[in-house]
Amino acid sequence: MQRSAILNVMIKAAYRAGRSLKRDLGEVEHLQVSLKGPRNFVTAADRRAEEIVYQDLKKARPDYGFLGEEGGTRPGTDKSHRWIVDPLDGTTNFLHGIPQFAVSIALERDGVIVAAITYNPANDDLFVAERGKGAYLNDRRIRVAARQKLNEAVVGCGLPHLGRGDLALGRRETEAAQLNFAGLRRFGAATLDLAWVAAGRLDAFWERDLSPWDLAAGILLVREAGGFVSDIDGGDAVLAKGHVVAGNETMHRELLRLLQAAGKEAAQGAVKTAANG
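Residues numbered from 1 in each chain as written. Predicted model: local features only at pLDDT ≥ 70, side-chain atom pairs only at ≥ 80, totals over all residues. Heavy atoms only, no water.

**Observations concerning helix α4 (residues 167-178)**
Taking 1.5 Å per residue, twelve residues should reach 16 Å; α4 reaches 16 Å between its end C-alpha atoms and fits that length. Buried within α4 are the following residues: L169, G170, E173, T174, A176 and A177. Down the axis of α4, the smallest arc covering the buried residues is 160°, so these residues share one side. Exposed side chains of α4 directed beyond 90 degrees from the buried face belong to R171 and Q178. Between the side-chain oxygen of the N-cap and the backbone nitrogen of A168 there are 3.2 Å, and the N-cap of α4 in question is D166. (Helix = DSSP H or I, 4+ residues; strand = E, 2+ residues; numbered from the N terminus. Expected span 1.5 Å × (residues − 1). Buried < 20%, exposed > 50% of the residue type's maximum accessible area, 1.4 Å probe, protein only. Arc of directions from axis to C-beta. Polar contact = N/O pair within 3.5 Å; in protein donor to acceptor, adjacent residues only side chain to side chain.)

In structure tokens, the structure reads:
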């Protein structure tokens, strides 16, 4: 593929941050056996990677705004453009030495994502997309999977856990998916899950309670690969609501239907529980 100047800037920043994370991953594996543990080290690795990305992007486009997981909002004088960056998505995986994590960078122009990359330093998978130009994995054009039968589809998901998310709703949604799809997968890095939908590795994906930096790049990757992306209400407020459903037209529609039905059942169950006091 022929890359634009802006995409080259993004890729260079992701590669530099990725090299730092790859070095740090080796250190994390050694820290697993120490009494101190690796959590503080990983927090430092995360911040270091974001600063690398920030400095590279700022050098190339000094006026653009920046939203990062670690540093939050850094306003720019150019109010039309904003970088949305996750320097280390899949922190828990990284913490345990699991090579499923990514650097994710998206460029937003007037509220629309126009360029995106998701890079896994552990295996050098580089997913890129520009609006209207298609999606690519390591320079190879990618498309969402063409499967139409739910009982042949493998679907990615996030799972609520202790202290995060609605466990009762999560159980309803997971059960609905288990009853209809061939398999569920929970990999722990939403940016890569969405990239895998774009590449046809997963037939669909859903997750709740995400942040803009988890979602921005993946939205464009899936759409440029011919897929559909919405919030769980079926609208386009993915970044605002932090909920996402993605897949080809059939998988997106059917997964959306199942999740909405599960949500109604969970709400009815909550009402009954409250009434029984």
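**Describing the sheet that holds strand β11 (residues 204-207)**
Here five strands make up an open sheet; going across it, the order is β10-β9-β11-β13-β12 and the pairing mixed. Two strands bound the open sheet, and with one partner strand each, they are β10 (183-185) and β12 (228-230). Sheet twist, expressed as the average angle between the axes of neighbouring strands with direction ignored, equals 15°. Strand direction decides the pairing type here: strand β9 (residues 154-157) and β11, joined by three bridges, are parallel. Bridging across to β11, C157 finds its partner in W206. Contacting β11 and β13 (244-247), helix α5 (residues 190-198) runs over the sheet at an angle of about 155° to β11. Here helix α6 (residues 212-224) sits on the sheet and contacts β12 and β13; the angle it forms with β12, its principal contact strand, is near 145°. (Pairing = 2+ DSSP bridges. Axes fitted to C-alpha atoms, helices over the stretch in contact; angles between N-to-C directions. Contact = heavy atoms within 4.5 Å.)

**Focus: the pairing of strand β1 (residues 64-68)**
Across the five residues of β1, five count as buried, placing the element largely inside the fold. Residues Y64, F66 and G68 point to one face of β1 and G65 and L67 to the other, with burial holding for every one of them. Relative to strand β2 (residues 72-74), β1 is paired through three bridges, and the arrangement is antiparallel. If you follow L67 over to β2, its bridge partner there is T73.

**As for the environment of A199**
Tracing the backbone shows A199 in the loop between α5 and β11. What A199 contacts, discounting residues up to four positions off in sequence, is F127, I142 and R143.

**Section: the side chain of E207**
Along the chain, the position of E207 falls in strand β11. Of the residues examined, E207 reaches a relative accessible area of 7% and is grouped as buried. When sequence neighbours within four positions are dropped, the list of residues in contact with E207 reads G158, R164, A190, I232, G242, H243 and V244.

**Some remarks on the packing of α5 against α6**
Taken N-terminus to C-terminus, the directions of α5 and α6 make an angle of 5°; their axes are 8 Å apart at the nearest point. Viewed along their axes, α5 and α6 adopt a mutual orientation that is roughly parallel. Where α5 approaches α6, its residues A190, T191, L194, A195, V197 and A198 are matched on the opposing element by W213, D214, L215, G218, L221 and V222. Here the contact of α5 with α6 is built from residues that sort into nine nonpolar, two polar and one charged. (Parallel < 35°, antiparallel > 145°, perpendicular 65-115°, else oblique. Nonpolar A, V, L, I, M, F, W, Y, C, P; charged D, E, K, R; others polar.)

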